[in-house]
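Here is how the chains run, residue by residue.
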Amino acid sequence: MSRRLFLFDVDGTLTAPRRVITDKMLEFMLDLSKRVTVGIVGGSDECKIVEQLDGHTEIATYMFSENGLVAKMGDELLGKTNITEKLGEEKVQDFINFCLSYMSKLKLPCKRGTFVEFRNGMINVCPVGRSCSQAEREQFNDHELFSDSRVSGRTVVGPDSTIELVTKDLNRLCLL
C-alpha cells in the first residue's frame, strides 16, 4: 500500500450534501482504500458521518469528525477537543446569543427548527435551520458553488467529479 494519505470531505465530495453514499462511490472508495490510506473529514459528528457512509466505515483508516476535532484511527480515539473547555462557558454563551440575535433579523426563503447545534468540538450555526427539507436546503444553497482549495488545487462539484479527479491523480502517481 502507498504511504500516501487521501483525505475526503463527506458532504459534496463523497456524497451529495446530507445524503447517503452511492453504490458507485462506495465501490470506488473500497477499491481506493486497497491502494492508499484513506481518511474521512467532516463537520458532522461521527454518527452522522457513519449514517451518510451507510455504515461502511471500512473505506477509511482514519475518521476526523467535527471538522477534525475528534480524531480516530479505526475504533481507537486519537484525540478530542472540547470547545467549552477551550473557550469557557461564558464565551460560548456570548457567541450563541450573538448568533441567535443576528439570525432573528435575517429574511430567508424559510427557517426550520434547530439553528444552533452544539457539538463536542464546534458550534454549528445554520441560518435556515437543521430541520429544513432537502428541497428547502437546496433553495437556500442555490447561490453557493462548492469550491474548496484544500482539495489538491482541485474544485469538485459532487461525487462524480471526485471519482474523476482522484482517478486522474492516481494515474499521475502511477498508483492504478
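Predicted, not measured: the structure shown is a model, and the values here were computed from it.

A.B. asks: Give a detailed account of the overall build of the protein, specifying residues and quantitative values.
C.D. replies: Looking only at helices and strands, one finds six helices and seven strands in the protein. When the helices and strands of the protein are listed from N to C terminus, the series reads β-α-β-α-β-β-β-α-α-β-β-α-α. Taken across its 176 residues, the protein has 38% of its residues classed as buried.

A.B. asks: Please give an account of the confidence of the model for the protein that cites residues and values.
C.D. replies: With 85% of its residues at a pLDDT of at least 70, the protein reaches an overall mean of 82. Element-level pLDDT for the protein is lowest in helix 6 (residues 159-172), with a mean of 73, against a maximum mean of 96 in strand 3 (residues 62-65). Overall, residues 143-153 carries pLDDT values under 50, and its contacts beyond four positions in sequence, including any with other chains, amount to 10 contacts.

A.B. asks: Lay out the side chain of Glu66 in plain terms, naming residues and giving numbers.
C.D. replies: Locating Glu66 in the fold gives a position in the loop between strand 3 and strand 4 (70-73). For the buried Glu66, no salt bridge is present, and the opposite-charge side chain at shortest range is Arg119, 6.0 Å distant. Filtering out sequence-adjacent residues up to four positions away, Glu66 remains in contact with Gly42, Gly43, Ser44, Asp45, Arg119, Asn120, Gly121 and Met122.

A.B. asks: For the packing of aromatic side chains, give the residues involved together with the corresponding values.
C.D. replies: Following the criterion strictly, the structure yields two aromatic pairs and no others. Between Tyr62 and Phe64, the aromatic rings sit 6.0 Å apart at their centres with planes inclined by 10°, giving stacked as the arrangement. Exposure remark for Tyr62: the relative accessible area of 23% places this residue in the partly exposed category. For the ring pair Phe98 and Tyr102, a centre distance of 6.2 Å and an interplane angle of 20° mean the geometry is stacked. Here Phe98 and its partner Tyr102 are both found in helix 4 (residues 89-104), four residues apart, which amounts to about one turn of the helix. Residue class for Phe98 comes out exposed when judged on its relative accessible area of 54%.

A.B. asks: I'd like a description of the nonpolar core, backed by residues and values.
C.D. replies: In terms of nonpolar packing, the biggest core is built from 21 residues, with Phe8, Met29, Leu32, Val38, Ile40 and Ile59 touching the most fellow members. When contributions to this core are tallied by element, the ones reaching two or more residues are strand 1 (5-9), helix 1 (23-32), strand 2 (37-41) and helix 6. Core analysis: the second largest hydrophobic core is formed by seven residues, Val92, Cys99, Met103 and Val116 among them.

A.B. asks: A description of the pairing of strand 1 should follow, citing residues and the corresponding values.
C.D. replies: Only one face of strand 1 is covered, namely the face carrying Phe6 and Phe8; the face carrying Leu5, Leu7 and Asp9 is uncovered. Bridge analysis of strand 1 against strand 2 gives five bridges, and the strand direction is parallel. Residue Asp9 lies in a different strand from strand 2, and its bridge partner there is Val41. Read from strand 1 through helix 1 to strand 2, the crossover connection turns out right-handed.

A.B. asks: Can you tell me about the environment of Thr162, naming the residues and giving the values?
C.D. replies: Locating Thr162 in the fold gives a position in helix 6. Put simply, Thr162 and Thr13 are 149 residues apart on the chain and 6.0 Å apart in space, counted from C-alpha to C-alpha.

A.B. asks: Residues and numbers for the sheet that holds strand 3, please.
C.D. replies: In a beta sheet, neighbouring strands pair by backbone hydrogen bonds and run either parallel or antiparallel. Reading across the sheet, the five strands line up as 1-2-3-4-5 and stay open at both edges, with mixed pairing between neighbours. Bordering the open sheet on either side are strand 1 and strand 5 (76-80), each of which pairs with just one other strand. Within this sheet the neighbouring strands show an average axis-to-axis angle of 20°, counted without direction. In this structure, strand 3 lies alongside strand 4, joined through four bridges in antiparallel fashion. When the sheet's bridge partners are listed, Phe64 is paired in strand 4 with Ala71.

Each value, and the rule that gives it
Residues numbered from 1 in each chain as written. Predicted model: local features only at pLDDT ≥ 70, side-chain atom pairs only at ≥ 80, totals over all residues. Heavy atoms only, no water. Helix = DSSP H or I, 4+ residues; strand = E, 2+ residues; numbered from the N terminus. Buried < 20%, exposed > 50% of the residue type's maximum accessible area, 1.4 Å probe, protein only. pLDDT = per-residue confidence, 0-100. Contact = heavy atoms within 4.5 Å. Lys, Arg positive; Asp, Glu negative; His and termini not counted. Salt bridge = Lys/Arg side-chain N within 4 Å of Asp/Glu carboxyl O. Phe/Tyr/Trp six-rings, centres within 6.5 Å; stacked < 30°, edge-to-face > 60°. Core = buried A, V, L, I, M, F, W, Y, C linked by side-chain atoms within 4.5 Å. Pairing = 2+ DSSP bridges. Right-handed = clockwise from strand over helix to strand, strands pointing away. Axes fitted to C-alpha atoms, helices over the stretch in contact; angles between N-to-C directions.

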